[in-house]
Structure formats: C-alpha cells, structure tokens
Amino acid sequence: IFAREETAAEFLQNYLPVEVAGLLDWDSLESTRDSFVDKELQEYFSDLLFRADLKDGSPGCVYILFEHKSYQERLTAFHLLRYMVKIWERSLEMKEELGFPVIIPLVLYHGKRGWRYGSNFRALFHYPMEMGSFIPDFQYVLWDASRYSDEEIKGHVVLRVALLLLKYIFREDLRDRAPEIIGLLRELSGKRSGLEYIETVLRYLISAAPE
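Predicted model, so just to flag it, every value in this text is computed and none were measured.

Basis of the calculations
Residues numbered from 1 in each chain as written. Predicted model: local features only at pLDDT ≥ 70, side-chain atom pairs only at ≥ 80, totals over all residues. Heavy atoms only, no water. Buried < 20%, exposed > 50% of the residue type's maximum accessible area, 1.4 Å probe, protein only. Helix = DSSP H or I, 4+ residues; strand = E, 2+ residues; numbered from the N terminus. Pairing = 2+ DSSP bridges. Salt bridge = Lys/Arg side-chain N within 4 Å of Asp/Glu carboxyl O. Phe/Tyr/Trp six-rings, centres within 6.5 Å; stacked < 30°, edge-to-face > 60°. Core = buried A, V, L, I, M, F, W, Y, C linked by side-chain atoms within 4.5 Å. Contact = heavy atoms within 4.5 Å. Axes fitted to C-alpha atoms, helices over the stretch in contact; angles between N-to-C directions. Parallel < 35°, antiparallel > 145°, perpendicular 65-115°, else oblique. Nonpolar A, V, L, I, M, F, W, Y, C, P; charged D, E, K, R; others polar.

Engineer: Whenever I open this one, the pairing of strand β5 (residues 141-144) confuses me. Can you help?
Structural biologist: Regular strands place side chains that alternate from one sheet face to the opposite one. Here β5 shows a buried face lined by Val141 and Trp143 and a second buried face lined by Leu142 and Asp144. Of the strand pairs in this sheet, strand β4 (residues 102-109) and β5 are connected by 4 bridges, and their pairing is parallel. Looking at β5, one finds that Leu108 is bridged to Trp143.

Engineer: Is there a simple way to explain the pattern of salt bridges in this structure?
Structural biologist: Close approach of charged atoms lets side chains of opposite charge pair. Enumeration over the complete set of coordinates arrives at 10 salt bridges. Note that Arg51 and Asp53 form a salt bridge whose closest N and O atoms lie 3.0 Å from each other. The closest approach of N and O atoms between Arg177 and Asp150, which form a salt bridge, is 2.5 Å. Within this pair, whereas Arg177 is found in helix α6 (residues 174-183), its partner Asp150 is found in the loop between β5 and α5 (157-168), the two being separated by 27 residues in sequence. Owing to a relative accessible area of 14%, Arg177 belongs among the buried residues under this scheme.

Engineer: For this particular structure, what's the right way to read the packing of aromatic side chains?
Structural biologist: The geometry of an aromatic ring pair comes down to the distance between the two centres and the angle between the two planes. Within the structure shown, the criterion is met by 13 aromatic pairs. Both rings, one in Tyr15 and one in Trp143, keep their centres 5.9 Å apart while their planes meet at 75 degrees; by these two values the pair is edge-to-face. A residue pair is termed long-range when its members are at least 10 positions apart, and Tyr15 in helix α1 (residues 5-15) and Trp143 in strand β5 qualify at 128 residues. Accessibility assignment for this pair places Tyr15 and Trp143 in one class, buried. A network of ring pairs unites the aromatic residues Phe2, Phe11, Tyr15, Phe50, Phe66, Trp143 and Tyr148 as a single cluster.

Engineer: So what exactly am I meant to see when it comes to the nonpolar core here?
Structural biologist: In summary, soluble globular proteins display a tendency toward joint burial of nonpolar side chains. Within the largest apolar cluster, 43 residues are counted, with the highest numbers of intra-cluster contacts made by Phe2, Phe11, Leu12, Leu16, Leu29 and Leu163. Of all the elements, α5 adds the most residues to this core, at 10 residues. Not counting the four nearest positions on each side in its chain, Phe2 is found in contact with Ala8, Phe11, Leu48, Phe50, Leu108, Leu159, Ala162, Leu163 and Leu166. Counting 17 residues, the second largest nonpolar core, distinct from the first, contains Tyr63, Met84, Phe121 and Tyr140.

Engineer: What is the right way to look at the packing of α1 against α5 in this model?
Structural biologist: Working note: a packed helix pair is described by the angle between its axes plus the distance between those axes. Interhelical geometry of α1 versus α5 gives an angle of 75 degrees and a closest axis separation of 10 Å. Comparing their axes, α5 and α1 come out roughly perpendicular. Contacts between α1 and α5 involve Thr7, Glu10, Phe11, Asn14 and Tyr15 on the former and, on the latter, Val158, Leu159 and Leu163. Residues belonging to the contact of α1 with α5 are distributed by class as follows: 5 nonpolar, 2 polar and 1 charged.

Engineer: Can you help me understand the sheet that holds β4 in this one?
Structural biologist: Sheets are built from strands that pair by backbone hydrogen bonding, the pairs being arranged parallel or antiparallel. As summarised here, the arrangement of the 5 strands in space is β1-β2-β3-β4-β5, forming an open sheet in which the pairing is mixed. Across the chains shown, the open sheet's two edge strands, defined by having one partner strand only, are β1 (24-31) and β5. Strand-to-strand twist of the sheet, defined as the mean angle between neighbouring strand axes without regard to direction, takes the value 25 degrees. Lying on the sheet, α1 is in contact with β1, β2 (48-54), β3 (61-69), β4 and β5; it crosses β1 at an angle near 135 degrees.

Engineer: How do you make sense of the pairing of β4 when you look at a structure like this?
Structural biologist: With 7 of its 8 residues buried, β4 lies for the most part within the structure. In terms of strand pairing, β3 meets β4 through 8 bridges, oriented parallel. Each residue of the ladder has a partner; that of Leu65, found in β4, is Pro105.

Engineer: Could you clarify how one ought to interpret the packing of α5 against α6 in this entry?
Structural biologist: Axis separation between α5 and α6 bottoms out at 10 Å; the angle between their running directions is 175 degrees. By the angle between their axes, α5 is roughly antiparallel relative to α6. Touching Val161, Leu164, Leu165 and Tyr168 of α5 are Leu174, Arg177 and Ile181, all from α6. In terms of residue class, the contact of α5 with α6 is made up of 6 nonpolar, no polar and 1 charged.

In structure tokens form, the structure reads like this:
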C-alpha cells in the first residue's frame, strides 16, 4: 500500500513537518528504490525510497527514505545512516554536479510499546560536551502508532485503514477492531482497486497478527 505513490504522498503530506512538506512538489514524487537495488546494494536498502523535486524549481532533489519497524531498535539511526551513505555514493557515481541530495529519513513504527529511543544519530554516542563538534548528527522523522488516537489518524480510506491496522496488529483488541477497520473499505467496493486492497489487508492480517 505504501509503495503506491499517491498513498505515500498523502502520508507524507500529513505527517512530515509542515514546513518541510510545503517545500516539495508532490506531483513529482516517484518511487526510486528499484533504481538503487543491485547485487552490490541490495542488502543495504530499506523498505521504500521516493524522490521529489522542490516546489520552487530549485536545482536538486529530495529523497524520502522509509524504514518500517515493528519492534524497538536502538541502532535505527545507524542503519538509516548506512542507507543514506549508499544513496550519496550512487549520486557520486552518477556524477551529479549539484552536491549531495537531501535525504529525509522516516521511521514508521508500530510496536507494542511506545518508541523509547531518541530520533537522532547523536543519541547513540556518549561523549564530553567539548567533543560534540566531532560527532555527526541527523534527525529522522518518527511516526509512532501508539501516539495517535484513532481520530488523529489522518488520510483517505486506504491510508487510514493501513495505519489503523499497523496500530492494532499486535494488540489484544485487534479481533474487536478489525471488522470496523476493514469496513472502511466499503467505499471502494465497486472498484477493482478496492478488491486488491481488501486482499492485501487480509493477507497482512493472516501473516502478521498473533495467533
């Protein structure tokens, strides 16, 4: 579902910082993960990678890197950094003359408990304040399902269903909530895409939900 550019764009417009979302040309958003995956790089790459141009027509582009987590991972920022370096290495190979592209890392988390680790790379270090200037740093955007009520989960039906399922998939009340969540797809019942989404949802429930 999130691999679909229209769904990814809707999610990002709702959950990226407003000032950042306002800089991007959403009509230009495209999935680029496949163009980066080869035998050498395949093991490094995360779930989804998108590319977008800047709204004001400035040279250069922005990559949005999705990382999906269903469990706590202290080294998430480190793993993201590895992916980011590989993207920058590829930009060197392509001889891009505008400098490195900006990469916005985004972690989509829906574990049983709220995320307890920092959302920046520097949090992995323990160091005297005087050494801070030698420590590289970046921030990632964290979407933590546990921090949102059902009413706060935004988007049209497909995105809302996907996010609600992520929120409840490991919870004991999934059995009670699933019929209502799936019922939201009635709006798509007359469309071929609606049947595809229903099939995707059911496959996810069967494969991911606790027995």
